[in-house]
Amino acid sequence: MTASPPKLFDAGQVRMHRDRAAQSFQDYDFLKRRESSQLIDRLEDVSRDFARVLDLGSHDGTAAAMLAAHKQVGLVEAAESSAAMRALVEAKGLKTRAIEGETLGLADAGYDLITSVLSLHWTNDLPGALIQIRQALKPDGLFLGCLFGAGTLAELRTSLLEAETELTGGATPRISPLPGLQDMAGLMQRTGFALPVVDTEPVTVRYGHPFKLLADLKGMGEQAAFAVSDKMPRKPLSRRLLARMAEIYAERFADPDGRVRASFNVIWLSGWAPHDSQPKPLRPGSAKHSLADAVKRAGGD
């Protein structure tokens, strides 16, 4: 039997953060809007119409609304764990689906397109989620999505680590571990997607003060949501620690004008549910002409 993946994140905490962020999410949704627009741009590179679409981890329905307005797209359903966020989606006139835990409960072969914008990084079992997505696609259906990847908030991670180590002699995880580009490329292949493509998009946001970054993360519903255990109890950030973090951040990661940088590395994923019509690599040894023969012919010309 395959061992269950470690539970790094508390789904209830993620849901609570989104519930609390929902009321003023429009004031902090700049990354969601940016990447939702990117989703549409990437979709337009595909010469295909999609009759039934699911947007997974929809937040307030920003991406779902853009999809619903697009000429390539038919019926759109938005899946979201937060009831307060689902209310915002429904206010846009879109159909919603509640997500409970990491079992998505999707029917097999039900969708022509599944999308996800900046949500999958909160998944404990990312391979399991990708398998569920692939199974929910119709044959030759498309998955297109993005998530925060390794290197995101590197400046904040470093500043918190150095401040806590300096003040307490040790450090507690404060920023979520995130997958790298090669991790996601391997996962897309191992979870059965055909013709997978993975790339990364670096985004730099500048702030007048590190505390404004923390406010933005809270407004996005993106603050830490680690699962609590005996080995990893929840330790709140003290004012002293936050103040020292801000000092280190400003010393290490400020531009000449005094503003500080925050890095977000967005990993984009696309892959197709397998279908007989898709191009397939040749089997090893099935080539009808050898490279040696081709070289000989070229040399004889």
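Structure shown above.
Just so it is clear, the structure is predicted and the values come from calculations on it, not from any experiment.

Draft legend 1. Local environment of the nonpolar core. Among the nonpolar cores identified, the biggest contains 47 residues, and Leu43, Leu67, Leu113, Leu156, Leu213, Tyr249 and Phe264 are the most heavily contacted of them. Ranked by residues supplied to this core, first place goes to strand E7 (residues 260-272) with six residues. Apart from the residues lying within four places of it in its own chain, the contact partners of Leu67 are Leu39, Ile40, Leu43, Val53, Asp55, Val73, Val76, Leu113 and Thr115. By size, the runner-up hydrophobic cluster in this structure holds 24 residues, among which are Leu54, Ala79, Ile99 and Met184.

Draft legend 2. Just the side chain of Glu201, in detail. Mapped onto the fold, Glu201 is located in strand E6 (residues 194-207). Residue classification places Glu201 among the buried residues on the basis of a relative accessible area of 10%. Reaching out from Glu201, the side chain makes a polar contact with the side chain of Arg34 at a distance of 2.9 Å. Among the polar contacts made by the side chain of Glu201, one reaches the side chain of Trp268 at a distance of 3.3 Å. With sequence-adjacent residues up to four places away left out, Glu201 is seen in contact with Arg34, Glu35, Gln38, Phe264, Asn265, Val266 and Trp268.

Draft legend 3. Here's a closer look at the pairing of strand E2 (residues 73-80). Counting buried residues in E2 gives six out of eight residues, a clear majority hidden from the surface. Relative to E2, strand E1 (residues 50-56) runs parallel, the two sharing six bridges. Counterpart to Leu56 in the pairing with E2 is Ala79. Across four bridges, the pairing between E2 and strand E3 (residues 95-98) is parallel. Looking at E3, one finds that Glu77 is bridged to Lys95. Following the backbone out of E2, through helix H4 (residues 83-91) and into the adjacent parallel E3, one traces a crossover that is right-handed.

The rules we used
Sequence order sets the numbering: in each chain, residues are counted from 1 along the sequence as written. Where totals are concerned, whole chains, interfaces and linings use all residues; where local detail is concerned, this predicted model gives features only for residues with pLDDT of at least 70, and gives and counts side-chain atom pairs only at 80 or more. Only hydrogens and water are removed before side-chain values are computed, so all heavy atoms of the structure are retained for them. Put simply, a nonpolar core is a bunch of buried Ala, Val, Leu, Ile, Met, Phe, Trp, Tyr and Cys residues held in one set by side-chain atoms that sit within 4.5 Å of each other. In this scheme, a residue with accessible area under 20% of its type's maximum is buried, one over 50% is exposed, and one in between is partly exposed, where area comes from a 1.4 Å probe on protein chains only. Comment: elements are numbered from the N terminus, with helices defined as DSSP H or I runs of at least four residues and strands as E runs of at least two. Contacts were defined at the residue level, with two residues in contact if any of their heavy atoms lie within 4.5 Å. The definition of a polar contact used here is a pair of N or O atoms within 3.5 Å, where within protein one atom must be able to donate a hydrogen and the other to accept one, and adjacent residues in sequence count solely through side-chain atom pairs. Two strands make a pair as long as DSSP finds a minimum of two bridges between them. Consider the strands pointing away from the viewer: the crossover is right-handed when the path from the first strand over the helix to the second runs clockwise.

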